[in-house]
Amino acid sequence: MLDRLFGWAEGKEKPAISYEQERELARHPEPAVREDLARRSDARPEILYFLAADSVAEVRRAVARNPSSPRRADQLLASDSDEEVRMVLARKIGRLVPGLDQAGSERLQEMTLNILSTLADDQLPKVRRIVAEEIKSATNIPPELVARLARDAETMVCAPVLQYSVLLTDDDLLEVVANARDPEVVTSVSLRERLNPAVCDAIVATGQEGAIATLLSNHGAQIREDTLDSIIAAAPKHPIWHRPLVRRPKLSAAAVRRIAGFVAAALLDELAERGDLDPETERFVRHKVKERLKEEDASTREAEDAAAARARMAHLSGQLDDNAISAAAEASESGFVEHALALKADLTPGHVRAILRARAPRPLAALCWKAHLTMRTAVSLQRSVFGLRPGDVLNPRGGSDYPMTDEEMVWYLAYFATGTDRPAPLA
């Protein structure tokens, strides 16, 4: 707007404006003119202070964003009625904090911190969150200000400082953990780079599964041996703790043996590969790997047999229809779906398994056709079994018909048949 007003070429460096011109522009009836003036880094402090009380929010936002605005103007804007003004100001003031010690006079530093404190008490959580994000790594601000943010009732405000600020004391952290209502608050504390044993004990005492999993993954957390023992004792019911327990540094031989008693075979393999195991403990863990593999194989076979039996019963009773198969797929009952499709299509489970593992829409559609299911069920299975996005799904022709010829579908079924030569490619 100033370009047009003064006839300046766009994109070129703007010439200086006299004090008298600034005064006139600051009272210009067009808000866009005043806003352009408020953006100028060379605008005089008293002009920016005057514009900080402008009746138009866009003008005040420009002042709040301007790094050259005087602190007196920023103080005025810290209590502005427009939330966007306060959010913009919070971001700017927060980014001044790292260089605050070199910011000039003590008076200027004090004013900056007072503005920051006002914004940290803002009624709008979004403003307080910006302050917390900007100062979370600062070491040159009053610890009391950080402690206030750490106790904020809004998780999005307290989480950044709880995770990163070194100005929080152990007493601060213990109080926050003890009074936390949102599990994410405790998880934020669990993420801190270093945690002393007392704080670790407090986190474990909450019983919050996710926070404890995060704590176990944090190798800077000093977890006492007896606290770790209590976690291991409860861990069989909390699979989310298993991997971080296996990867926890400096486990005692006794802890390793107890963990080996409940984790899955894949994690047992990882446990056996730890470089800090004594030979006897390593042999114990490797023996457990073999035992667990046998147990898991037996469990898989048992689940497979149960799924096959359910499918047979449903088929014999005439209940194995489109709705039953779609519902089972939505419930992630893959074994039942596999055996149900095999029964309906009069194919072997291995044949059906090969088609499902291909994760391709056309062979699946051919399988549903052979099973006398509707194309709509084929669409449902593409989404639930394969997890395809709408744009990748093979859709019906004409709203309900299979989009391939019978010849094509027979070809796809033959292609995935086991124990036979693959048919020639489709023309």
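Coordinates for the structure precede this section.
The following paragraphs examine the structure supplied in this document. (Residues numbered from 1 in each chain as written. Predicted model: local features only at pLDDT ≥ 70, side-chain atom pairs only at ≥ 80, totals over all residues. Heavy atoms only, no water.)

### Considerations on helix 19 (residues 265-272)
For clarity, the cut-off: Exposure is judged per residue with a 1.4 Å probe applied to protein chains only, and the accessible area is read against the type maximum: over 50% gives exposed, under 20% gives buried, and values in between give partly exposed. For the purposes of this entry, the term helix denotes a DSSP run of H or I that reaches at least four residues, the term strand denotes a run of E that reaches at least two, and both are numbered from the N terminus. To be clear, the arc concerns the directions from the helix axis to the C-beta atoms.
Burial in helix 19 covers these residues: Ala 265, Leu 267, Leu 268, Leu 271 and Ala 272. Down the axis, helix 19 shows its buried residues gathered within 155° of arc, on one side only.

### Overview of the side chain of Thr 377
Counted only if it meets this: In the analysis that follows, any N or O atom pair within 3.5 Å is treated as a polar contact, provided that within protein one partner can donate a hydrogen and the other can accept it, and provided that, for residues neighboring in sequence, both atoms belong to side chains. A contact between two residues is defined here by any heavy atoms of the two lying within 4.5 Å.
Looking at where Thr 377 falls in the secondary structure, it is placed in helix 25 (residues 375-384). Look at Thr 377 and you get buried, because its relative accessible area is 4%. Here Asp 322 takes part through its side chain, which lies 2.4 Å from a polar atom of the side chain of Thr 377. What Thr 377 contacts, discounting residues up to four positions off in sequence, is Asp 322 and Ser 326.

### Concerning helix 15 (residues 209-217)
For helix 15, the complete set of buried residues consists of Ala 211, Ile 212, Ala 213, Thr 214, Leu 215 and Leu 216. Each element contacted by the buried residues of helix 15 is listed here: helix 13 (183-190), helix 14 (197-205), helix 16 (225-234) and helix 17 (242-246).

### Examining the packing of aromatic side chains
The following threshold applies: In this scheme Phe, Tyr and Trp rings, the latter by its six-membered ring, pair at centre separations within 6.5 Å, and the angle between planes marks the pair as stacked below 30 degrees, edge-to-face above 60, and tilted otherwise. By definition here, charges over rings are those cases where NZ of Lys or CZ of Arg is within 6 Å of the ring centre and within 35 degrees of the ring normal.
Inspection of every chain in the model, using the stated rule, returns 3 aromatic pairs. When the ring of Trp 411 is compared with that of Tyr 412, the centres are 5.0 Å apart and the planes differ by 85°; the resulting orientation is edge-to-face. Considered together, Trp 411 and Tyr 412 belong to a single accessibility category, that of buried residues. The ring of Tyr 49 has Arg 72 lying over it, and the distance from NZ or CZ to the ring centre is 4.1 Å. Against the face of Phe 284 rests Arg 257, its NZ or CZ located 4.5 Å from the ring centre.

### Looking at the nonpolar core
For the record, the criterion: The criterion is simple. A nonpolar core is a set of buried Ala, Val, Leu, Ile, Met, Phe, Trp, Tyr and Cys residues joined through side-chain atoms within 4.5 Å.
If you look at the biggest cluster of nonpolar residues, it comprises 88 residues, and the most contacted ones within it are Ile 135, Leu 149, Leu 162, Leu 195, Ile 203, Leu 245 and Ile 259. If you tally residues by element for this core, the top one is helix 7 (residues 83-96), at 6 residues. Formed by 37 residues, the second largest nonpolar core is a distinct cluster that contains Leu 320, Leu 356, Ala 371 and Leu 381.

### Focus on the pattern of salt bridges
Put simply, the rule reads: Only one rule defines a salt bridge in this text: a Lys or Arg side-chain nitrogen within 4 Å of an Asp or Glu carboxyl oxygen.
As enumerated under the stated definition, the model contains 31 salt bridges in all. Two residues, Arg 39 and Glu 35, come together in a salt bridge whose shortest N-O distance is 2.6 Å. Separated by 4 residues within a single helix, Arg 39 and Glu 35 lie in helix 3 (residues 31-39), roughly one turn from each other. In this structure, the salt-bridge partner of Glu 282 is Arg 286, at a minimum N-O distance of 3.2 Å. Placement of both Glu 282 and Arg 286 in helix 20 (residues 279-316) is noted, with a separation of 4 residues, approximately one turn of the helix. Since its relative accessible area comes to 31%, Arg 286 is described here as partly exposed. Each of the salt bridges in this network shares a partner with another, and the network as a whole consists of Glu 35, Asp 36 and Arg 39.

### Overview of unusual backbone geometry
Most peptide bonds adopt trans geometry, and most residues besides glycine take a negative phi value. At Arg 359, a residue that is not glycine, the phi angle is positive and equals roughly 55°. Examined against the element boundaries, Arg 359 turns out to sit in the loop between helix 23 (349-358) and helix 24 (361-370). Judged by its relative accessible area of 46%, Arg 359 is partly exposed.

### A short note on the side chain of Asp 54
Here Asp 54 shows up in the loop between helix 4 (45-51) and helix 5 (57-65). Within polar-contact distance, the side chain of Asp 54 engages the side chain of Arg 34 at 2.6 Å. The residues contacting Asp 54, other than those within four sequence positions of it, are Arg 34, Val 59 and Arg 60.

### Section: the packing of helix 7 against helix 8 (residues 106-120)
When two helices pack together, you describe them by how their axes are tilted relative to each other and by the distance separating the axes. Put simply, the test is: The axes are straight lines fitted to the C-alpha atoms, using for helices just the contacting stretch, and the angles between their N-to-C directions are given from 0 to 180°. Each angle receives one of four descriptions, namely roughly parallel if under 35 degrees, roughly antiparallel if over 145, roughly perpendicular if within 65 to 115, and oblique otherwise. Handedness of a crossing is defined here by the sense of rotation of the near helix relative to the far one, left-handed for an anticlockwise turn of less than a right angle and right-handed for a clockwise turn.
At a closest axis distance of 10 Å, the pairing of helix 7 and helix 8 adopts a crossing angle of 135°. Viewed along their axes, helix 7 and helix 8 adopt a mutual orientation that is oblique. Considering the relative orientation of helix 7 and helix 8, their crossing is left-handed. In this structure, helix 7 contributes Arg 86, Leu 89, Ala 90, Ile 93 and Gly 94 to the contact, and helix 8 contributes Thr 112, Ile 115, Leu 116 and Leu 119.

### A short note on the packing of helix 24 against helix 26 (residues 406-415)
Keep this limit in mind: Residue polarity follows a fixed list, in which Ala, Val, Leu, Ile, Met, Phe, Trp, Tyr, Cys and Pro are nonpolar, Asp, Glu, Lys and Arg are charged, and the others, Gly among them, are polar.
In the contact formed by helix 24 and helix 26, the axes pass within 9 Å of each other and the chain directions differ by 105°. Looking at the two axes, helix 24 sits roughly perpendicular to helix 26. Where helix 24 abuts helix 26, its residues Arg 362, Pro 363, Ala 365, Ala 366, Leu 367, Trp 369 and Lys 370 lie against Asp 406, Met 409, Val 410, Tyr 412 and Leu 413. Looking at the contact of helix 24 with helix 26 residue by residue, the class counts come to 9 nonpolar, no polar and 3 charged.

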